[in-house]
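One-letter residues, chain by chain:
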Amino acid sequence: MDIQLKRGLLDICVLAAIKNEPSYGYQIIKDIKPYLEISESTLYPILRRLETAEQLTVQTAEHNGRLRKYYYITECGKKRIEAFRQDWNEILSIYQFITRRGNEDE
Amino acid sequence: MRMNREQFLTALREHLAGLPQEDIDRSVDFYREMIDDRMEDGLAECDAVAAIGPAAEIAAQIRAEAAQTKPILEKIRQKHPLKVWKIVLLALGSPVWLPLLLTAFLLVLVALLLVLIFYMLIWVTLIVFYAADVTIAAGALAGLVGIFAYLSVGNLPGAVVSVGAGLVCAGLSILLFFGCNWMAKKAQLSGILIYRKIKSRFKRNAERMG
């Protein structure tokens with residue numbers, strides 16, 4: 001997939017992965033992997049970016065005798081998902097425009 | 001090259017040298033957690049490390065990302081002193097705000113002190129428990145010595161009782177030792193947690209002021 005497109009989608013995917021309940025890094029990767037290629041080194045800057053944008057917050061908690069960071073979605077993060085869903089209708093009509101043009105060429 | 005977790009994290013730290021210490025710590029913490037989670041998922045340590053990728057590449061990515069966000073952060077930081085100074089001037093200029101600010105400051109100080117005292121109490125309790133453990137262990141040793149003492153005067157029942165008492169003491173002290181270790185580990189982890197919570201709270205307040 002196009003890098004720019006993927007970048008935008010990944011942000012939303014990470015927010016979606018923590019939308020219903022807080023989650024941690026490895027779980028987020030496992031949740032997204034079936035749909036989009038994602039690795040630790042891709043996730044790390046996304047999490048930082050979303051934290052700076054206050055779309056998620058981080059809390060450290062104990063797990064099996066070590067510390068693990070859990071990510072919580074904020075109101076701002078939920079709004080971002082909602083905005084994406086609204087954008088999607090627009091994207092769909094653009095997609096139809098693109099495919100129609102493609103068919104006319106043939 | 002096959003690496004274990006600590007080798008990988010040390011290599012990452014070295015490749016990140018020059019970045020702010022906070023950024024380095026944060027990155028290393030993140031990748032430590034990732035390796036630990038993979039291992040918990042059933043991967044062998046070196047496989048978990050290999051799955052992450054080469055430390056040099058990861059460090060290069062983190063550096064590239066830091067170079068992008070740095071100018072923005074510096075702009076924010078430059079704003080801080082001005083705004084904080086404005087607040088200080090406002091507070092000093094108003095006779096109402098100064099005592100209020102001072103009270104708030106003292107309250108925060110007292111709260112911090114209380115947390116510190118409470119945390120120290122936990123450790124003091126632990127030390128007392130450890131001391132008790134040593135005493136019981138000494139009891140077990142005394143039981144051992146007691147056997148020979150009783151046997152040397154030909155008192156067999158006394159020796160048997162001494163063996164029993166010694167064994168009970170030994171069992172108790174071993175149990176208590178593991179209990180203490182478990183509690184110490186918990187106390188250590190919660191100490192780190194409390195420290196981070198306080199730190200992040202202060203940072204958030206500082207950001208709000210800026």
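Residues numbered from 1 in each chain as written. Chains lettered and ligands numbered in written order. Predicted model: local features only at pLDDT ≥ 70, side-chain atom pairs only at ≥ 80, totals over all residues.

1. A short note on the overall build of chain A
Per the secondary structure count, chain A includes 4 helices and 3 strands. In chain A, the succession of helices and strands from N to C terminus is α-β-α-α-β-β-α. Relative to its full complement of 106 residues, chain A shows a buried share of 16%. In chain A, 51% of the contacts between residues at least 6 apart in sequence involve partners at least 24 apart. (Helix = DSSP H or I, 4+ residues; strand = E, 2+ residues; numbered from the N terminus. Buried ≥ 20, exposed ≤ 12 C-beta atoms within 10 Å, placed from the backbone. Contact = placed C-beta atoms within 7 Å.)

2. As for helix α2 (residues 21-40) of chain B
Residue and element names in this part refer to chain B. Taking 1.5 Å as the rise per residue, α2 with 20 residues should run 28 Å; its terminal C-alpha atoms sit 28 Å apart, in good agreement. Residues Ser27, Tyr31, Glu33, Met34, Ile35, Asp37 and Arg38 constitute the buried set of α2. Among the residues trailing α2, Gly42 stands out with phi positive, at a value near 115°. (Expected span 1.5 Å × (residues − 1).)

3. What to know about the sheet that holds strand β1 (residues 23-24) of chain A
Residue and element names in this part refer to chain A. Spatially, β1-β3-β2 is the arrangement adopted by the 3 strands of the open sheet, whose pairing is antiparallel. The open sheet terminates on both sides in strands that have one partner only, identified here as β1 and β2 (56-63). Sheet analysis places β2 next to strand β3 (residues 66-73), joined by 8 bridges and oriented antiparallel. Bridge pairing in β3 places Thr57 opposite Tyr72. (Pairing = 2+ DSSP bridges.)

4. So, unusual backbone geometry
Residue and element names in this part refer to chain A. The backbone of Glu54 shows a phi angle near 60°, a positive value even though the residue is not glycine. In this fold, Glu54 is placed in the loop between α3 (40-52) and β2. Overall, the presence of 11 C-beta atoms within 10 Å leaves Glu54 in the exposed class. A positive phi angle, close to 50°, is found at Asn64, a residue other than glycine. Within the secondary structure layout, Asn64 lies in the loop between β2 and β3. Accessibility expressed as a C-beta count within 10 Å gives 8 for Asn64, which makes it exposed.

5. Focus on the confidence of the model for chain B
Low-pLDDT portions of the prediction should not be read for the details of their coordinates. Residue and element names in this part refer to chain B. Model confidence for chain B is summarised by a mean pLDDT of 85, while 88% of its residues fall at 70 or above. Within chain B, helix α4 (residues 55-93) has the poorest average pLDDT of any element, 71, and helix α1 (residues 5-16) the best, 94. Scored as a complex, the prediction yields pTM 0.62 and ipTM 0.85. (pLDDT = per-residue confidence, 0-100.)

6. Thoughts on the confidence of the model for chain A
Confidence in the prediction for chain A averages 91 pLDDT; 97% of positions are at 70 or higher. Of all helices and strands in chain A, the one with the weakest mean pLDDT is helix α4 (residues 75-105) of chain A (88), whereas β1(A) scores best (96).

7. Points about the interface of chain A and chain B
Of the residues lining the interface, 14 residues belong to chain A; the matching set on chain B comes to 18 residues. Broken down by secondary-structure element, the contributors of at least two residues to the side of chain A that touches chain B are α2 (25-32), α3, β2 and β3 of chain A. Residue composition of the side of chain A that touches chain B, by class: 4 nonpolar, 5 polar and 5 charged. (Nonpolar A, V, L, I, M, F, W, Y, C, P; charged D, E, K, R; others polar.)

8. Let's talk about the pairing of β3(A)
Side-chain positions along a regular strand alternate between the two faces of the sheet. Residue and element names in this part refer to chain A. Of the pairings in the sheet, the one linking β1 to β3 comprises 2 bridges and is antiparallel in character. Paired with Tyr24 across the strands is Tyr70, a residue of β3. Hairpin connection from β2 to β3: 2 residues lie between these consecutive antiparallel strands, with Asn64 at a positive phi of about 50°.

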